[in-house]
There are 2 protein chains.
Amino acid sequence: MSEQKQFVFSFEEGNAKMKETLGGKGAYLAEMTQFGIPVPPGFTISTEVCDLYYKNNQKHSEEIINQINANLKKLEEKTGKTLGEAIDPLLVSVRSGAAVSMPGMMDTVLNLGLNDESVAGLAKKTGNERFAWDSYRRFIQMFGSVVMGLEHNKFETELDAIKHKNNLLVDTDLEAPHLKELVANYKTLIQKETGKLFPSDPREQLQMSIDAVFRSWNNDRAITYRRLNNIKGLLGTAVNVQAMVFGNLGETSGTGVCFTRNPATGEKKLYGEFLMNAQGEDVVAGIRTPRPIEELKSIMPDCYNQFDKIYHQLENDYKDMQDMEFTIQEGKLYILQTRNGKRTAAASVKIAVDMVKENLIDEKTAIKRVLANQLDQLLHKQLDPVAKKTAEVLTKGLPASPGAAVGQAVFSAKMAHDWNAEGKKVVLVRAETSPEDIEGMHAAQGILTARGGMTSHAAVVARGMGKCCVAGAGDVKINEHENYFTVGSIRINEGDVITLDGSTGEVFAKALGVVDPELSNDFNELMIWADKYRKLGVRTNADTPHDAEVARKFGAEGIGLCRTEHMFFNGDRIKAVREMILADDVDGRKRALKKLLPYQKDDFIGLFKAMDGYSVTIRLLDPPLHEFLPQTEEEILELAGEMNVTVEHIKNRIEDLREFNPMLGHRGCSVVVTYPEIAEMQTEAIISAACELAKTGQKIVPEIMIPLVGLKQELDFNAEIVRRVAEETMEKFGVELDYKIGTMIEVPRGALIADKLAETAEFFSFGTNDLTQMGFGFSRDDAGKFIKEYLAKGLFEHDPFQTLDTEGIGQLIKMATELGRATRPEIKLGICGEHGGDPESIKFCHAVGLNYVSCSPFRVPIARLVAAQAAL
Amino acid sequence: MSEQKQFVFSFEEGNAKMKETLGGKGAYLAEMTQFGIPVPPGFTISTEVCDLYYKNNQKHSEEIINQINANLKKLEEKTGKTLGEAIDPLLVSVRSGAAVSMPGMMDTVLNLGLNDESVAGLAKKTGNERFAWDSYRRFIQMFGSVVMGLEHNKFETELDAIKHKNNLLVDTDLEAPHLKELVANYKTLIQKETGKLFPSDPREQLQMSIDAVFRSWNNDRAITYRRLNNIKGLLGTAVNVQAMVFGNLGETSGTGVCFTRNPATGEKKLYGEFLMNAQGEDVVAGIRTPRPIEELKSIMPDCYNQFDKIYHQLENDYKDMQDMEFTIQEGKLYILQTRNGKRTAAASVKIAVDMVKENLIDEKTAIKRVLANQLDQLLHKQLDPVAKKTAEVLTKGLPASPGAAVGQAVFSAKMAHDWNAEGKKVVLVRAETSPEDIEGMHAAQGILTARGGMTSHAAVVARGMGKCCVAGAGDVKINEHENYFTVGSIRINEGDVITLDGSTGEVFAKALGVVDPELSNDFNELMIWADKYRKLGVRTNADTPHDAEVARKFGAEGIGLCRTEHMFFNGDRIKAVREMILADDVDGRKRALKKLLPYQKDDFIGLFKAMDGYSVTIRLLDPPLHEFLPQTEEEILELAGEMNVTVEHIKNRIEDLREFNPMLGHRGCSVVVTYPEIAEMQTEAIISAACELAKTGQKIVPEIMIPLVGLKQELDFNAEIVRRVAEETMEKFGVELDYKIGTMIEVPRGALIADKLAETAEFFSFGTNDLTQMGFGFSRDDAGKFIKEYLAKGLFEHDPFQTLDTEGIGQLIKMATELGRATRPEIKLGICGEHGGDPESIKFCHAVGLNYVSCSPFRVPIARLVAAQAAL
């Protein structure tokens, strides 16, 4: 380590480009300082120090200690105050700040520097003894829990005891003498519980606090947050040490949080809230309900005007919507923090499109700005406005995160998680949420809180998740012990169904219908830009004309996967399917298949019509035949009656078809090797449908896809049947049709011999679900349990069934892509596994040079956007 | 096609090197002609003509017809006879002959050239009217069936009619007038059945016969034979047209077949048989009983002496045991054919070793001469071939593990064990076996299963034990409740004696005699030579000291795979295993594992001792835990009593552990991620055992192998446990041990990231069973059924579970080999799947540069030989 290396940077030394080193918060504070914006002075300890702290067994080198001390000295000089001094003490905040924002996940210490001497100095300087001692007790409380590890509620108990003893109702009733007594009690408590004294040396306080913040980088909730948000490759958090300013020095002081545009809708209008005579934590914690920012104009017009200028400046400089914290100390405005604001999907789209129109950013930047995963919010359901109109509103809170949620009320994160694991839909109801609730929030359809504002924890996190949230519904009285809540005389028990409207804040005491969302013009404009830049085609997986129509509305350019087996279950069809399976010979099977043929043909006519000329890829029957047979005694008996065969015959057939590992069994193309007549019927249905439509003038190019091919011979066996029947059918109709034969690449061996498969196949579609199953040796049905453990123990970063494993499975895709193109340069390559709708996976598909991705209809816009982002 | 191209070769023009063109038979006939050996003159139509015949829509070019005619003319000149002539007609044989011998698979026409005119000429020339007409009727019969496609038995019916009409008993009673009538009837028959006249033009006869032989190249049995014997890359068959000589011209004529050495034992002594006054087909057909060749000495001493000289000459020329056909025509000896003779494994070994000692061939040639697959015969008990010949086959399954077994049928492992303990010999009959049956399999003489393929549990385990097994005998219907099985209407009860032939898959409903194997000195000598030339190491798969000792005797140089799970089933151990699985927490599991520890340690001490310093690779627990739990209500009830837990608890646990696709489930290294304590116990047992032996002065380098690794993180998680416990254990014993950590490469993804795995793994062992399962997407337990169809329909040449699929799975092995060596050049690479004992697969392992193969003890000698053959 070179001695010249800089680990600590004063705010004057940094800038916004140094995010990696200074963290987001530190870099913005430095940048604002450079811009001349009123920021309390301070310095940032770099993320590298966090990394070294862990590498160096949670110790710091002398060099680092020296740099911290030097910067502290400079800060004391700049403020003219001294840490721990008895006359005019310097107080500082110690805050975390990683390169990527992780709101509320790591720790903060405020009011640091207070001890028995400096508290007197603070009292004297501010002329407010109560304030000084209140700050002191808050500091000890925060330090005790964050740095020394005591449980928060132990301090609350002491506080309650004092209030009780003095017959006081609320915290603000406490006077200086009470607070002095409380400080003494807190210190005793700390000594009793930790065996250590509360450190009165402010430099020791500072170092301990810095280390505590570093340690909070690796607390459970921070690790979970990084995993859930796919944040990786960071060194650690930076630590910002900043002179305190006080919003709680009386009625000319205050504090607030503000967005430069509406983070829920994107509307271009200052949006925020503030509290007079309060510290920042009062706003965030949701203990007092804050006032809208507009009201500041009348209370403190100068400050408001200054703030108005500053926020325009910041937005112009950063060219993005800003989320700012400010404090007014005795009439003087300080900006404590600014950062790019979190926003809903709707806001994200509107802000991006608006900013293009305002010439702040260009189209490409706008495309890159919108988080694809968030779009789900816009694409998912809203409450049915008609049903809503007549429904009685139970209560109303703040519209904290848009969308709709219907589910059973649960009162703890654990319950939310457990019930969700059982397949139930739940709404998490909490007085307020805390970072420990994150997993429960994930599991819930939506979140309802009784306390807190638009920037409370619940609101911020829910918006990030794209999850519906109603916050601060003050009429909701929660009994957490007995798991119910009341609104007036109405009682909602655990398990009762409620509905939330996150866009209005309304709560309903029953299930309401939901409807598909309407896409805004901004959204459509953004999609048009995305289409302009993307290279990847976007198709959809659809088995019904309805799905196909929805997908077309979302911009799908064809069907990448039509699973024909789903068509086998409806009504009378399943009878014919079973008759086919139970038949003793080819003739019997052919007779049964003949009954299926007209159904299948109609299915395809419907799909072809819905896709109106776009390509439709139809996969021949994929699952093993036993999936179509009944399981229970009852059903078997019924079937025996219907089919006029013995129960024993059916049971024997079920036993014949039973497999130890159906996933590696007799399915896909290998079923056709045994029963060629199935592929014959399906081909006839597809080609007949296309021929009929061709006669009406509609041009269809059916793409017939053969599943589960691992051997060239399997493909050829199937392809010969398809080709033969297709020719026969076209001849019968007197129509010349262009059709294609392709294969799924979903068996690892298929990828390895893709050059040979491409001799026959005119297209490949990667079936990444199976490729992942067989590549890893993980059955999707069984591996869920231990994949969770893999994630928890850090063996996986992502579930490979959700996000494509590019290292291993991706290699197979890359290999098959290259081999396939080497044999047939014009071969069409796509993906139709679940991964086709996952942003990270789509990026890989772009990088590897596929022609298209195919995903579920509701993910089509996401795929379009990500494809454009990948191309840019 | 150039006009100069030669398609037809007279015997004077060819030689033995032209096998590809002339076929084996043609090349040898030409070679013998060159050597001055008396061969009836003739010519060969090349294999290329066969190829062109098929390509040219079963027609010949004019050029080819011209060359055939020109050669026929030369043949007529040479013999002084003319085809179809009325005075002294030329008769010819038309025979197939491909480059690789396919005995009896293709067609032959003899006595060609006879018609109503030439038959008179033949009669006159030989002075034997009966002979002439008998030849004529034989010719029509052969031509009618081979060339014109009539069923053979229709001619037999005509023959019988004549005999019946004239009260004649045997064919030889027929006189010339009868035969004339028969000829007329044959001609009528042909016309009636085919609508065509029997062709009287001998040139037409010739061309039709040549084409029939070409067509027989692609008859069903020839195609099957080529597939079964892995014969490929040939153009087709050649056709040999040769002047007929007659062994049936009276008492100075005769015909015979001879081997230059005994094809059963290899003894160096002329071995053959002959018939006087007969044609070759009479010898082969077995209608008259031939006489041993020695007797010819007294009957025709001149011919015998000439023959004696010729056979020595041929053996010296070809340097291999010859299989010759000869005919004596009126005292003159002709050699009709010679080729390398087929032989038993014992003969093969003895002849190869003898010939080295006779300086006929060198050691390398001797090694290459012995067919590795045949060696199985020498290593296992065999059914007495004489007894077998007359025994009726009850049914046939797959020849899953070679050898012979005679014993009383039992239907459960427990019964097998109990009866064996009483001194009875039993054959275990099961629908399929599972790991619980191991003890019963051990106790049985052999195993018969109704289900499962060549790599089913029964097959794999039986091969490992060197125990006879017939698997997947689908006609066997087992009643497990009443302990009997039926095949059709035949019922075999518990206690009835049955016999299995594991080399053919045959099952007999009575006791047959068996002969024990004996390894000859010749065998041992050949093995020593093999070891001198091979590059591949040969290890064994062994789970018990007994297996290890057997393998050592067969020359194994270490254990490549010790499957620890088999050790978990014996006696009290299974109780502890179940206790572990049923435990509610880590402590409970650790308590149960502690009980297993001493057993496991003893297992390893035994193995290490048996291998006496050779490397021992121990695989940590591989199967899913549910395999260790009971299945039936009864067993569950019993276990609940033993464990003092509720039946419900056990059932819940079974339900917890149940998997849809166990093969892709929670097993191998992923079980250790959940239950690290299992790997801890196993490591402690392995290292303790090695330490104890180290203290006695025996040096052991245990190789600990982690199964089913697809992720670097899985390997590291497991390896860290192994390393930690190993260090702790060595410290406890005060012993410094060299041990290695490696991994199976058996999950496709593992092969793809082998470079990364090699950062941790010091060795790789390819688990080709699983690699084949996951690479193809074929479950071993389920795919048997459709793999049979794939083979029948020509989609597979071999079952990929028997012979490694080099095209696909081999690619993964090659890739992993290269990636692994790139990271760690000294990495040890081996294979321990079933393919480790398969000759073709071993050749691939050599070619790809593995360090060793590991196979079941009884295949070790085969592996040694093949490894040497691959190296030469």
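A brief look at the structure comes next. Note that the coordinates shown come from a computational prediction; the quantities given were computed from them, not determined experimentally.

## Focus on the overall build of chain A
Then comes step 1: What chain A contains, in helices and strands, is 35 helices and 33 strands.
Then comes step 2: If one aligns the C-alpha atoms of chain A with their principal axes, the spans along those axes are about 100 × 65 × 50 Å.
Then comes step 3: A total of 872 residues make up chain A; the buried ones form 59% of that total.
Then comes step 4: Contacts in chain A between residues at least 24 apart in sequence constitute 69% of all its contacts with a sequence separation of at least 6.
Then comes step 5: Charge centroids of chain A, computed over 102 positive and 125 negative side chains, lie 3 Å from each other.

## Some details on the pairing of strand 7 (residues 238–243) of chain A
All names here are of chain A.
Then comes step 1: The element strand 7 is largely enclosed, with a buried count of six among its six residues.
Then comes step 2: The two faces of strand 7 match: Ala238, Asn240 and Gln242 on one face and Val239, Val241 and Ala243 on the other face are all buried.
Then comes step 3: Pairing of strand 5 (residues 92–97) with strand 7, which is carried by six bridges, proceeds in the antiparallel orientation. Within strand 7, the position partnered with Val92 by the bridge is Ala243.

## Comments concerning a negative patch on the surface
Then comes step 1: A contiguous patch of negative charge on the surface is contributed by A:Glu634, A:Glu635, A:Glu638 and A:Glu642.
Then comes step 2: Locating A:Glu635 in the fold gives a position in helix 24 (residues 633–643).

## A look at the sheet that holds strand 8 (residues 254–259) of chain B
Residue and element names in this part refer to chain B.
Then comes step 1: The strand order across the open sheet formed by five strands is 10-9-8-11-12, and the pairing between neighbours is antiparallel. For this open sheet the edge positions go to strand 10 (291–292) and strand 12 (332–340), each flanked by a neighbour on one side alone.
Then comes step 2: Pairing of strand 11 (residues 322–329) with strand 12, which is carried by eight bridges, proceeds in the antiparallel orientation. Counterpart to Gln322 in the pairing with strand 12 is Asn340.
Then comes step 3: The strands that helix 12 (residues 301–318) touches are strand 8, strand 11 and strand 12; relative to strand 12, the one it contacts most, it runs at about 25 degrees.

## A closer look at the sheet that holds strand 5 of chain A
All names here are of chain A.
Then comes step 1: Pairing in this open sheet of five strands is antiparallel, and the strands run 1-2-7-5-6 from one edge to the other. Looking along the sheet, the strands with just one partner apiece sit at the ends: strand 1 (8–10) and strand 6 (108–112). Direction aside, neighbouring strands of the sheet carry axes that sit 20 degrees apart on average.

## Quick look at the nonpolar core
Then comes step 1: Membership of the largest hydrophobic core comes to 285 residues, with the highest contact counts inside it found for A:Leu375, A:Phe604, A:Phe608, B:Phe604 and B:Phe608.
Then comes step 2: Contact partners of A:Phe604, with chain neighbours within four places excluded, come to A:Cys562, A:Thr564, A:Met567, A:Ile618, A:Gln682, A:Ala685, A:Ile686 and A:Ala689.
Then comes step 3: Counting 81 residues, the second-largest nonpolar core is a separate cluster that includes A:Val92, A:Leu112, A:Met148 and A:Trp217.

## Let's talk about unusual backbone geometry
Then comes step 1: The phi torsion at A:Asn359 lies on the positive side, around 60 degrees, for a residue other than glycine.
Then comes step 2: For A:Asn359, the position within the fold is in the loop between helix 13 (345–357) and helix 14 (363–369).
Then comes step 3: Judged by relative accessible area, A:Asn359 falls into the exposed class, the value being 70%.
Then comes step 4: Positive phi, close to 60 degrees, is recorded for B:Gln58, a residue that is not glycine.
Then comes step 5: Tracing the backbone through its elements, the reader meets B:Gln58 in the loop between helix 2 (47–55) and helix 3 (62–79).

## Considerations on the packing of aromatic side chains
Then comes step 1: For the structure on display, the rule yields 45 aromatic pairs over all chains.
Then comes step 2: Consider the rings of A:Tyr53 and A:Tyr54, whose centres lie 5.6 Å apart with planes at 75 degrees: the pair is edge-to-face.
Then comes step 3: For A:Tyr53, a relative accessible area of 2% translates into the label buried.
Then comes step 4: Ring geometry for B:Phe155 versus B:Tyr186: centroids 4.9 Å apart, planes at 85 degrees, classification edge-to-face. Residue B:Phe155 is located in helix 6 (residues 152–165), and its partner B:Tyr186 is located in helix 7 (residues 176–194); the two are separated by 31 residues in the primary sequence. Of the two residues examined, B:Phe155 and B:Tyr186, each falls in the buried class.

## Section: helix 25 (residues 647–657) of chain A
Residue pairs three or four apart in sequence face the same way in an α-helix, which turns once every 3.6 residues.
Then comes step 1: Regarding helix 25 of chain A, the residues found buried are A:Ile650, A:Arg653 and A:Leu657. Each buried residue of helix 25 of chain A sits inside an arc of 65 degrees when the element is viewed along its axis, so together they form one side.

## What about the pairing of strand 8 (residues 254–259) of chain A?
All names here are of chain A.
Then comes step 1: Of all the six residues making up strand 8, six are buried; the element is thus mostly covered by neighbouring parts of the structure.
Then comes step 2: Along strand 8, one buried face is formed by Gly254, Gly256 and Cys258 and the opposite face, lined by Thr255, Val257 and Phe259, is buried too.
Then comes step 3: In terms of strand pairing, strand 8 meets strand 11 (residues 322–329) through six bridges, oriented antiparallel. When the sheet's bridge partners are listed, Gly254 is paired in strand 11 with Ile328.

## Details of the interface of chain A and chain B
Accessible area lost during the coming together of the parts is what is often quoted as the interface size.
Then comes step 1: Listed by partner, the interface residues are 47 residues for chain A and 47 residues for chain B.
Then comes step 2: Summed over both sides, the interface between chain A and chain B buries roughly 4400 Å², with carbon and sulfur atoms accounting for 56% of that surface.
Then comes step 3: Together, A:Leu664, A:Arg749 and A:Leu795 form the three largest contributors to the area buried by chain A at its contact with chain B, with a combined 16%.
Then comes step 4: Put simply, chain A and chain B have seven salt bridges between them.
Then comes step 5: A salt bridge links A:Arg749 to B:Glu807; the shortest N-O distance between them is 2.8 Å.
Then comes step 6: The tally of links between chain A and chain B comes to 30 residue pairs in polar contact (both at pLDDT 80 or more).
Then comes step 7: Residue assignment for the side of chain A that touches chain B shows that the elements contributing at least two residues are helix 25, helix 26 (669–674), helix 28 (712–733), helix 29 (748–752), helix 31 (768–776), helix 32 (780–792) and helix 33 (809–823) of chain A.
Then comes step 8: For the side of chain A that touches chain B, the element with the most residues is helix 32 of chain A, which contributes six residues.
Then comes step 9: A per-class count over the side of chain A that touches chain B returns 21 nonpolar, twelve polar and 14 charged.

Conventions and cut-offs
- Residues numbered from 1 in each chain as written.
- Chains lettered and ligands numbered in written order.
- Predicted model: local features only at pLDDT ≥ 70, side-chain atom pairs only at ≥ 80, totals over all residues.
- Heavy atoms only, no water.
- Helix = DSSP H or I, 4+ residues; strand = E, 2+ residues; numbered from the N terminus.
- Buried < 20%, exposed > 50% of the residue type's maximum accessible area, 1.4 Å probe, protein only.
- Contact = heavy atoms within 4.5 Å.
- Lys, Arg positive; Asp, Glu negative; His and termini not counted.
- Charge placed at Lys NZ, Arg CZ, Asp CG, Glu CD.
- Pairing = 2+ DSSP bridges.
- Patch = residues over 30% accessible without salt bridge, like charges linked within 9 Å, V, L, I, M, F, W, Y side chains within 5 Å.
- Areas by Shrake-Rupley, 256 points an atom, 1.4 Å probe, with all protein chains shown as cover.
- Salt bridge = Lys/Arg side-chain N within 4 Å of Asp/Glu carboxyl O.
- Axes fitted to C-alpha atoms, helices over the stretch in contact; angles between N-to-C directions.
- Core = buried A, V, L, I, M, F, W, Y, C linked by side-chain atoms within 4.5 Å.
- Phe/Tyr/Trp six-rings, centres within 6.5 Å; stacked < 30°, edge-to-face > 60°.
- Arc of directions from axis to C-beta.
- Buried area = accessible area lost by both parts, 1.4 Å probe.
- Polar contact = N/O pair within 3.5 Å; in protein donor to acceptor, adjacent residues only side chain to side chain.
- Nonpolar A, V, L, I, M, F, W, Y, C, P; charged D, E, K, R; others polar.

Nothing here speaks to function; it is all geometry.
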